[in-house]
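Architecture at a glance
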4 protein chains.
Amino acid sequence: MLHSIVSVQEPMMGILIATGDPFSTLCSFQHNNWKGTNMSKWMQEWSTEAVGPHNLKIEERRVPEIGDLDVLVRTTAVSLNYRDKLILESGMGLDLTFPFVPASDMSGVVEAVGKGVTRFRPGDRVISTFAPGWLDGLRPGNGRTPAYATLGGVHPGVLSEYVAFPEDWFVAAPKSLDAAEASTLPCAGLTAWFALIEKGHLKPGDRVVVQGTGGVALFGLQIAKAVGAEVIVTSSSREKLEKALALGAAHGINRLSEDWVERVYALTGDHGADHILEIAGGAGLGQSLKAVAPDGRISVIGVLEGFEVSGAVAPLLLKSPVLQGISVGHRRALEDLVGAVDRIGLKPVIDKRYKFTEAREALAHVDRGPFGKVVIEF
Amino acid sequence: MLHSIVSVQEPMMGILIATGDPFSTLCSFQHNNWKGTNMSKWMQEWSTEAVGPHNLKIEERRVPEIGDLDVLVRTTAVSLNYRDKLILESGMGLDLTFPFVPASDMSGVVEAVGKGVTRFRPGDRVISTFAPGWLDGLRPGNGRTPAYATLGGVHPGVLSEYVAFPEDWFVAAPKSLDAAEASTLPCAGLTAWFALIEKGHLKPGDRVVVQGTGGVALFGLQIAKAVGAEVIVTSSSREKLEKALALGAAHGINRLSEDWVERVYALTGDHGADHILEIAGGAGLGQSLKAVAPDGRISVIGVLEGFEVSGAVAPLLLKSPVLQGISVGHRRALEDLVGAVDRIGLKPVIDKRYKFTEAREALAHVDRGPFGKVVIEF
Amino acid sequence: MLHSIVSVQEPMMGILIATGDPFSTLCSFQHNNWKGTNMSKWMQEWSTEAVGPHNLKIEERRVPEIGDLDVLVRTTAVSLNYRDKLILESGMGLDLTFPFVPASDMSGVVEAVGKGVTRFRPGDRVISTFAPGWLDGLRPGNGRTPAYATLGGVHPGVLSEYVAFPEDWFVAAPKSLDAAEASTLPCAGLTAWFALIEKGHLKPGDRVVVQGTGGVALFGLQIAKAVGAEVIVTSSSREKLEKALALGAAHGINRLSEDWVERVYALTGDHGADHILEIAGGAGLGQSLKAVAPDGRISVIGVLEGFEVSGAVAPLLLKSPVLQGISVGHRRALEDLVGAVDRIGLKPVIDKRYKFTEAREALAHVDRGPFGKVVIEF
Amino acid sequence: MLHSIVSVQEPMMGILIATGDPFSTLCSFQHNNWKGTNMSKWMQEWSTEAVGPHNLKIEERRVPEIGDLDVLVRTTAVSLNYRDKLILESGMGLDLTFPFVPASDMSGVVEAVGKGVTRFRPGDRVISTFAPGWLDGLRPGNGRTPAYATLGGVHPGVLSEYVAFPEDWFVAAPKSLDAAEASTLPCAGLTAWFALIEKGHLKPGDRVVVQGTGGVALFGLQIAKAVGAEVIVTSSSREKLEKALALGAAHGINRLSEDWVERVYALTGDHGADHILEIAGGAGLGQSLKAVAPDGRISVIGVLEGFEVSGAVAPLLLKSPVLQGISVGHRRALEDLVGAVDRIGLKPVIDKRYKFTEAREALAHVDRGPFGKVVIEF
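Anyway, here's the lowdown on the structure attached to this text. Just so it is clear, the structure is predicted and the values come from calculations on it, not from any experiment.

**Side note on the packing of aromatic side chains**
All names here are of chain A. Within the structure shown, the criterion is met by 21 aromatic pairs over all chains. Cluster of aromatic residues (ring-pair linked, three or more members): Trp46, Phe356 and Phe378. Between Lys243 and the ring centre of Phe371, over which it is positioned, the NZ or CZ distance is 4.5 Å.

The structure is reproduced here in structure tokens:
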């Protein structure tokens, strides 16, 4: 059943994921409306009938009908995240609905709008939101079952020529980016922005450590640089460090040949890092606790692999840093990011652009660890 | 050498402790002034010549002279912390100066003031500050060497009939508390206040989990209750839980017979805890990450035992709680606490009051795990 | 046309009010659905065909039909605000749709739900939200045209036996309050909460000045008291001051016989007020700027009378208080308030309860300046 | 009496200024130490025996002695503020000590240090702090008598070849600025930084309105630009607007020929300004309330002329902006600014550099309204 919304309570990595949010039912009910009426138009869509990326194939399906509050969007680009690969491989504990369409981040052009739609008109360029129900302020969900209702997961994915979602699930695309660049904002861009700006209130002169050179990391580098921070990038690749320096990093630390904590001390006159984008996770957190400055901030960002994080309690107490997990962010912050991208001229780093038919190759690239983002253009 | 100030850089639990802060030298230089002039008056003081609590004994020493910016305070009560026991037993990696006088938290009456003193006059009732150099705002120290210059550690202790310190190291005592009660605020009281109020902005209706019934925990219970929060206390003692309920806790959870995380879900309708005073540390953090509400806060408070903290990354990411180590707090927050104590009528919980000569018995009580605080009255 | 939604751009007191928000159109389109199908049931409703409170009369109308995302609520109580009187008298510059149903704050019981509704079921006790479109985080609207789409204004009012609105416009009622008490939260209760707690982060021991003894003021008194603050109430009535003291105020200042600023200095040892609920407005702001403590906060709360606020710039600069206008608050904060009310046992102060047929008398009471709230019970 | 510290309680513009802060006495007592011992060295100093700038003249005086906690600094540059002119003309209600040495902002080189000094060594380049007693966190003073103990006011001024102050009154100078540039940070630079960054948490993409092109305004422009904000400058001079655009402003508005509020609406798509540096004061605040975005911020910055601020209450309520007076800032923020200046390469704008003997001409330039700062080089 295409596009239907699952409504399940499944364990995931030891915690339960809330899927019974209002949008599920709303969306489900509207999707029922889509079927049966508009039979005239066809589209291509990547989907799979079972867990395992080898099952992924292109299907011909009808363009969905829209409900009164929906918009129909013609996809122009889809940006892949490492998480897309994990879901295809393992399902990540989510009770997916098959055929399952992967991917969460897209840009597109509005083709049609329901009669109750007020925020968009046909022809508008839009991007998707990663966690549709979260508009602003506190996140949905509760202590037992955190919200994890995202596109390309509990909600349908976007690796399709057309998608039909409630208008609330979209945001106007930045004017200054092309379709491929715009598609990188909803997850990778927003995660870095939410950590550094919305939560971190980064300011000029702060010293920021960015771990790695993946999609979130390079957004972190660019956003921190844009705000006047001094950026230190760590990587195990000398070549990637050079490219990071070219992007504006003040310093690169080779994790293989250097003790990165000692280097951070040396580079900051023992001050430490005001903010660390902790992407490694696991026991690496202990190193970040050593490297952080008093009253600093560690944003834990990483794939959902069920890792333990651990570290010594002494620096946690004596330096009193804020340690916060960051799981993307809300729609208002994505709108802020879009505005900032246009006004500061930030250009997302795309390692390689693939064609719609090359989705498998694009996923393989994601698996190898790109420098920035991997995007599929339509 | 009595009251002299160490100035060292020693490793402690894998991290270095900054002791070379401005106050050390200032104090050191002033302490030199104390000697030699006022030879007329004698006092009693607990001190030790070596690590090991059995070495602790009462000595007769001269009342110290004061410098121009110092006040001489006659001690009226000393409140003990578990940390005092640890330092006596192991030194906690600090390069102590012997004879070493233990304890950090005291109340007293100003006997004399230096000619540059403006904040106090003889007869004023005062309490000490735990970390003298930290007046307001960000904490001193840097990433490599966090500040840990406290009384009864790098700075001299207070288990003495008289102390002479810079006026900046004291705060006016609350009017509504007796000497013993007032002496409990500088470390235990301020730690709970700093976590819940200064950093946590607790509000009416919030659900707060307090782990245990020690000094910080019961202050946490009382402060959270005072602000209109619903307090859940965990303990392994049925008797202590009953006493906590009598103090205003809404619920008690017996850690031995119940799964406290499940109980928190049940008591909050799955919402989880808005704030957890995490005192256990170690792997207990993982449980707190399960119990916390989305956008909640976990304040890690605990003795400096070099414990690892650890927990699953999934709830850290998906619920995005703030996790922050709390190491006491600054003087301005202590002044706020003093004002609050007077205006809301908060009475610290003292498990038992000991005489000056019973310091060993008092320390042994601390070791057994009191319900609230253990205080020595002078 | 009953319940239709205006969509206008009208000047109001020199600024424009945004009414073209998404909800207007959505609601309008759904209301069209209500008509024509459910003709079987009748209800009574206060409405007017023209500005002027004398035009207000009870009409018999059909119970509205609900759309897929709506709930039908049987009203159990309506709480009046001074603003309701102003709108009836002058329209307040809003382009109202006639027949116009007044009032914004209600409690009720869900009678029926649309098929897309997930948050409520028939039988649930609910209260309305004052500004339906504002769920959490930043307020809607823009610099030129602030959002002012409220019930009993641009949106339909609630002085009716039944209302049918989108489920998003309601919040679960507190369990501990009766219908009349619950109806006072959406505007008066939330305004005080938003100022003191959501924005003000009030803490135990803070000194709060509450001006007057109207609905917002008494909620301010009770909420500030609940959080452990010391509350100072100002009034021109000795009798009302005595009642305020009985409610928990620490001090009452008679504005007619005392200089309230000097009294605040005297009562706080010259500290000043940490937070002032500025309800008078106008030149009174200058007095509040004198009375406020350094780094304090003045929440300007008042009816929309186009008043100028003014005050001397010197205390504004030298004490650097935050001065913020508060116009009710978002739904999430209302949910926080409901939770707090249940957990701390706060009972709203109702000066008098009227019957449905006594709406004119109730409005006249509002005009005379009640002690707390005036409520109409159904 | 040179350099002695007044200790008075005088009315100023309707409010009282606290001068009895701890530092006064401390400093006074130390200054007594300076006299009598070091008679060997002479210096030149601008001072006046009475209010009125025509009384200002160069005197030959002994280089002051330093106390144990003081540093002796050889002045290399002094930056003038409009406030210096006002104090010379009227005394601004402050009970000045004559001979009075004007000016608060300087850079210099440490010549000698007292034996208790730990933060500086001879040869260090330093800058002064404007309000010496305020190290971090909340400002000193109380509601009745705000703190206004600044250099060149209640404390001695710096228009002198040497100054001797406690080490706490200085901050390390930025490495990337020359002496004249560095001298502009303590008041003008810090005011803009404190408003936009410390309090305002400005972020990339925010729209900032800066009123005018004086010293604070141009720092505001440069800091906002550095953080990725879009800066709109208003001025009555076409020539100055062109220079502001060259400095990085996105837009200039000529206040004489344009309605600046309407232009801000037009430039921001009706969004309004996220932050306004309100320097005009007075009734201009009403315009800023119109121009500000919902949930925006207006920082009121201006000379202490006893102006009333005023504005309509409707936008204050409906847009709920934060309005905050900003009176320079604390030492920790100045240290943050120094770090930022070095790391982002910010170069203060100096309209003209004068020689030590040209102090009168420099003050006259300040009176005419410079583009940026006026500095006296030694």
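**Considerations on the interface of chain D and chain C**
Opposite the 51 residues of chain D that make contact, chain C presents 51 residues. For the pairing of chain D and chain C, the buried interface totals around 4,300 Å² over both sides, and the portion due to carbon and sulfur atoms is 61%. Along the contact surface separating chain D from chain C lie six salt bridges. A salt bridge links Glu262 of chain C to Arg144 of chain D; its shortest N-O distance comes to 3.0 Å. Counting across the interface, chain D meets chain C through 21 residue pairs in polar contact (both at pLDDT 80 or more). If you tally residues by element for the side of chain D that touches chain C, the top one is helix H9 (residues 313-319) of chain D, at seven residues. Of the residues belonging to the side of chain D that touches chain C, the class tally is 29 nonpolar, 13 polar and nine charged. Alignment of strand E16 (residues 322-325) of chain C against strand E16 (residues 322-325) of chain D, held across three bridges, turns out to be antiparallel. The residue of E16 of chain D that forms the bridge with Gln324 of chain C is Val322 of chain D.

**Brief notes about unusual backbone geometry**
For the peptide bond that leads from Phe98 of chain A to Pro99 of chain A, omega is 0 degrees, which places it in the cis range. Tracing the sequence through the fold places Pro99 of chain A in the loop between helix H2 (82-90) and strand E6 (105-113). If you check the backbone angles, Asp270 of chain B has positive phi at about 70 degrees while not being a glycine. Given the relative accessible area of 23%, Asp270 of chain B is considered partly exposed. Look at Ser320 of chain D: it is not a glycine, yet its phi comes out positive at around 50 degrees.

**Thoughts on the pattern of salt bridges**
In this structure the tally under the stated criterion is 87 salt bridges over all chains. For Glu377 of chain B, the salt bridge identified is with Arg353 of chain B, shortest N-O distance 2.8 Å. A residue pair is termed long-range when its members are at least 10 positions apart, and Glu377 of chain B in strand E18 (residues 373-377) and Arg353 of chain B in strand E17 (residues 350-355) qualify at 24 residues. What emerges from the salt-bridge pattern is a single network uniting Arg119, Asp168, Arg331 and Glu335 of chain A.

**Details of the environment of Leu96 of chain B**
Residue and element names in this part refer to chain B. Here Leu96 is to be found in the loop between helix H2 (82-90) and strand E6 (105-113). Take Leu96: its relative accessible area is 9%, and that puts it in the buried class. Each C-alpha atom of the pair Leu96 and Val51 lies 9.0 Å from the other, and the pair is 45 residues apart in sequence.

**Quick look at the interface of chain B and chain A**
In this assembly, 51 residues from chain B lie in contact with 52 residues from chain A. Together, Arg144, Leu317 and Leu318 of chain B form the three largest contributors to the area buried by chain B at its contact with chain A, with a combined 18%. At the surface where chain B touches chain A, the tally comes to five salt bridges. Between Asp295 of chain B and Lys199 of chain A there is a salt bridge, with the nearest N and O atoms lying 4.0 Å from each other. Scanning the region where chain B abuts chain A turns up 21 residue pairs in polar contact (both at pLDDT 80 or more). Elements with a minimum of two residues in the side of chain B that touches chain A: helix H7 (260-267), strand E14 (292-300), strand E15 (308-312), helix H9 (313-319) and strand E16 (322-325) of chain B. For the side of chain B that touches chain A, the element with the highest residue contribution is H9 of chain B, accounting for seven residues. Taken together, the residues of the side of chain B that touches chain A break down into 29 nonpolar, 13 polar and nine charged. Bridge count for strand E15 (residues 308-312) of chain A against E15 of chain B is five bridges, and the pairing is antiparallel. Paired with Ala312 of chain A across the two strands is Glu308 of chain B, which belongs to E15 of chain B.

**Re the sheet that holds strand E10 (residues 207-211) of chain A**
Strand order in the open sheet formed by twelve strands is E12(A)-E11(A)-E10(A)-E13(A)-E14(A)-E16(A)-E16(B)-E14(B)-E13(B)-E10(B)-E11(B)-E12(B), with mixed pairing between adjacent strands. Pairing within the sheet leaves two strands with one partner each, and these edge strands are strand E12 (251-254) of chain A together with strand E12 (251-254) of chain B. Across the sheet, the mean angle from the axis of one strand to that of its neighbour is 15 degrees, orientation sign disregarded. Relative to strand E16 (residues 322-325) of chain A, strand E14 (residues 292-300) of chain A runs parallel, the two sharing four bridges. Bridge assignment links Ser299 of chain A to a residue of E16 of chain A, and that residue is Gln324 of chain A. Lying over the sheet, helix H6 (residues 238-246) of chain B contacts strand E11 (230-235) and E12 of chain B, oriented at roughly 170 degrees with respect to E12 of chain B.

**Observations regarding the relation of the copies chain D and chain C**
Screw-axis analysis of chain D against chain C gives a translation of 0.0 Å along the axis, an RMSD of 0.0 Å, and a rotation angle of 180 degrees. Such a turn and shift between the copies fits a two-fold axis. Taking C-alpha positions as reference, the residue of chain D nearest the rotation axis is Ser310 of chain D, located at 2.0 Å. The share of interface residues of chain D whose copies in chain C are also at the interface is 100%, consistent with both copies meeting through the same surface.

**Overview of the relation of the copies chain B and chain A**
The operation relating chain B to chain A is a screw motion whose rotation component is 180 degrees, with 0.0 Å of axial translation and a residual RMSD of 0.0 Å. Interface overlap between copies: 100% of the residues of chain B at the interface are likewise at the interface in chain A, consistent with a symmetric, same-surface contact.

**Let's talk about the packing of H7 of chain B against helix H8 (residues 284-291) of chain B**
Residues and elements named next belong to chain B. Where H7 meets H8, the closest approach of the two axes is 9 Å, and the angle between their N-to-C directions is 20 degrees. Of the possible angle classes, the one that applies to H7 and H8 is roughly parallel. Viewed along their axes, H7 and H8 form a crossing whose handedness is right-handed. Across from Trp260, Val261, Val264 and Tyr265 in H7, the residues of H8 making contact are Gln287, Ser288, Lys290 and Ala291. Across the contact of H7 with H8, the residue classes break down as five nonpolar, two polar and one charged.

**Here we look at the sheet that holds strand E12 (residues 251-254) of chain C**
Ordered by their spatial adjacency, twelve strands build an open sheet running E12(C)-E11(C)-E10(C)-E13(C)-E14(C)-E16(C)-E16(D)-E14(D)-E13(D)-E10(D)-E11(D)-E12(D), and the pairing between neighbours is mixed. Of all the strands in the sheet, just E12 of chain C together with strand E12 (251-254) of chain D have a single pairing partner and so form its edges. Here the average twist between neighbouring strands, direction ignored, is 15 degrees. Of the pairings in the sheet, the one linking strand E10 (residues 207-211) of chain D to strand E11 (residues 230-235) of chain D comprises five bridges and is parallel in character. Bridge assignment links Val208 of chain D to a residue of E11 of chain D, and that residue is Val231 of chain D.

Scoring rules and cut-offs
- Residues numbered from 1 in each chain as written.
- Chains lettered and ligands numbered in written order.
- Predicted model: local features only at pLDDT ≥ 70, side-chain atom pairs only at ≥ 80, totals over all residues.
- Heavy atoms only, no water.
- Phe/Tyr/Trp six-rings, centres within 6.5 Å; stacked < 30°, edge-to-face > 60°.
- Lys NZ or Arg CZ within 6 Å of the ring centre and 35° of its normal.
- Contact = heavy atoms within 4.5 Å.
- Buried area = accessible area lost by both parts, 1.4 Å probe.
- Salt bridge = Lys/Arg side-chain N within 4 Å of Asp/Glu carboxyl O.
- Polar contact = N/O pair within 3.5 Å; in protein donor to acceptor, adjacent residues only side chain to side chain.
- Helix = DSSP H or I, 4+ residues; strand = E, 2+ residues; numbered from the N terminus.
- Nonpolar A, V, L, I, M, F, W, Y, C, P; charged D, E, K, R; others polar.
- Pairing = 2+ DSSP bridges.
- Buried < 20%, exposed > 50% of the residue type's maximum accessible area, 1.4 Å probe, protein only.
- Axes fitted to C-alpha atoms, helices over the stretch in contact; angles between N-to-C directions.
- Least-squares fit on C-alpha atoms with pLDDT ≥ 70 in both.
- Parallel < 35°, antiparallel > 145°, perpendicular 65-115°, else oblique.
- Left-handed = near helix turned anticlockwise from the far one by under 90°.

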